[in-house]
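# Structural characterization, general
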Amino acid sequence: MQLSSMLAFAFPLWLKASFWGLVSGSALLVGAFIGYFKQVPARIIGMIMAFGSGVLISALAFELMDEAYQSGGFGAAAIGFLTGALMYTLANYLLNRQGARHRKRSGAQQAAEKDHPSSGTAIAVGALIDGIPESVAIGISLIHGGVVSLAAVVAIFLSNVPESLSSTAGMKKAGRSKKYIFGIWAAIMLLSGVASFAGYAIFSQFPQQVNAGVIAVAAGGILAMLSSTMIPEAYEEAHDFIGIITVLGFLAAFVLSKMEG
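Residues numbered from 1 in each chain as written. Predicted model: local features only at pLDDT ≥ 70, side-chain atom pairs only at ≥ 80, totals over all residues. Heavy atoms only, no water.

### Focus: the overall build of the protein chain
Each helix and strand in the protein chain was counted, giving seven helices and zero strands. In sequence order, the secondary structure elements of the protein chain are arranged as α-α-α-α-α-α-α. Burial statistics for the protein chain: of 261 residues in total, 51% are counted as buried. Residue pairs in contact within the protein chain that sit at least 24 positions apart in sequence constitute 84% of those at least 6 positions apart. Accessible surface for the protein chain amounts to roughly 11,600 Å². Of this, 71% is attributable to carbon and sulfur atoms. (Helix = DSSP H or I, 4+ residues; strand = E, 2+ residues; numbered from the N terminus. Buried < 20%, exposed > 50% of the residue type's maximum accessible area, 1.4 Å probe, protein only. Contact = heavy atoms within 4.5 Å. Areas by Shrake-Rupley, 256 points an atom, 1.4 Å probe, with all protein chains shown as cover.)

### A word on helix 4 (residues 150-173)
End to end, helix 4 covers 35 Å across 24 residues, agreeing with the expected 34 Å (1.5 Å per residue, within 8%). Most of helix 4 is tucked away: 18 of the 24 residues are buried. Residue G175 follows helix 4 closely and has a positive phi angle near 90 degrees. (Expected span 1.5 Å × (residues − 1).)

### Here's the deal with the pattern of salt bridges
Throughout the structure, instances matching the rule amount to one salt bridge. For D240, the salt bridge goes to R43, with nearest N and O atoms at 3.5 Å. Highlighted residues: D240 in the loop between helix 6 (208-238) and helix 7 (242-260) and R43 in helix 2 (residues 42-100), separated in sequence by 197 residues. On the basis of relative accessible area, D240 is assigned to the exposed category, the value being 52%. Relative accessible area serves as the criterion here: at 35%, R43 is assigned to the partly exposed category. (Salt bridge = Lys/Arg side-chain N within 4 Å of Asp/Glu carboxyl O.)

### So, the packing of helix 1 (residues 13-37) against helix 4
Look at helix 1 against helix 4: their axes get within 7 Å of each other, and the N-to-C directions meet at 35 degrees. The handedness of the crossing between helix 1 and helix 4 comes out as right-handed. Class assignment of the residues belonging to the contact of helix 1 with helix 4 gives a composition of 14 nonpolar, eight polar and one charged. (Axes fitted to C-alpha atoms, helices over the stretch in contact; angles between N-to-C directions. Left-handed = near helix turned anticlockwise from the far one by under 90°. Nonpolar A, V, L, I, M, F, W, Y, C, P; charged D, E, K, R; others polar.)

### Some points on the UniProt feature "transmembrane region" (unreviewed entry) in the protein chain
UniProt's entry tags residues 20-37, 44-62, 74-95, 136-160, 180-203, 210-232 and 238-256 with the feature "transmembrane region" (unreviewed entry), counted in the numbering of this structure. Annotated as 100% helix and 0% strand, the span residues 44-62 places its first and last C-alpha atoms 27 Å apart. Span residues 238-256 is 84% helix and 0% strand, its end C-alpha atoms 25 Å apart. (UniProt positions renumbered as here; feature names shortened; annotations may be inferred.)

### Considerations on the environment of T229
Summarising the element assignment, T229 is placed in helix 6. Each C-alpha atom of the pair T229 and M49 lies 10.0 Å from the other, and the pair is 180 residues apart in sequence.

### Points about the nonpolar core
Counting residues in hydrophobic clusters, the biggest one holds 39 residues, and the most contacted among them are L64, I140 and L226. Elements with a minimum of two residues in this core: helix 1, helix 2, helix 3 (119-141), helix 4, helix 5 (178-203), helix 6 and helix 7. Broken down by element, the residue count for this core peaks at eleven residues, all from helix 6. Residues in contact with I140, not counting those within four places in the same chain, are G199, Y200, F203, N211, V214 and I215. Within the second largest apolar cluster, eleven residues are counted, among which are L29, F182, I184 and W185. (Core = buried A, V, L, I, M, F, W, Y, C linked by side-chain atoms within 4.5 Å.)

### Topic: a nonpolar patch on the surface
On the surface, F51, L158, F241, I244, V247 and L248 cluster together into a nonpolar patch covering about 520 Å² of accessible area. Per-element accounting of the nonpolar patch gives the leading share, three residues, to helix 7. Secondary-structure assignment places V247 in helix 7. (Patch = residues over 30% accessible without salt bridge, like charges linked within 9 Å, V, L, I, M, F, W, Y side chains within 5 Å.)

Shown next, in the form of structure tokens:
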């Protein structure tokens with residue numbers, strides 16, 4: 001049984017959407033605490049990033065894209081998927097030029113604010129666009145049936161931990177303050193709940209095919225994010241083992257999705 005179905009009679013759907021968005025976003029703070037207060041070896045961070053990447057790839061393939069296809073057909077799924085990837089790539093390109101290129105890196109690659117005055121804002125916005133598509137997809141998934149996929153929420157949660165862990169370690173090495181670092185992740189956690197609420201509240205007024213396209217847009221953005229930020233960091237630090245670890249993450253999420261079904 002899907003976990004959120006336990007809440008079906010207790011809370012309205014808009015509140016459930018906000019709740020699950022906050023749950024998935026809370027992993028960002030978990031990762032930030034680990035990355036800031038613990039000296040996690042870069043190799044271990046890379047391995048965790050690889051596992052999280054595999055988990056998220058599985059979720060977007062078997063949860064988001066499958067739902068988009070089932071709801072809107074191949075056209076809506078394909079167009080949305082490509083659109084999401086293009087939108088993310090363009091936004092990421094612009095942010096990279098402002099100093100956010102290495103925002104997921106755990107080493108000393110991130111630009112310091114004194115060297116690149118706009119990099120702090122760019123990193124914050126970059127972290128935001130990395131996480132919001134996932135939350136919007138959670139909200140939209142509640143429109144039909146009133147329950148959220150536990151596999152998708154767990155996958156997003158597991159991928160968010162290494163994402164913020166690695167980025168926080170890099171921010172700390174770049175000399176950014178504790179207030180700045182935790183302020184970013186706390187804000188994004190809250191905005192994840194808002195984005196999930198918006199995904200439900202706004203798109204519940206639209207036809208099913210439009211919702212399918214938006215879910216596919218989120219999936220395309222997520223895959224583009226993985227390809228340009230998380231996977232390069234994983235390979236840089238754990239290239240000898242990234243293949244098998246990514247496969248294990250994919251398999252774990254795949255098994256969870258099938259057990260849930």
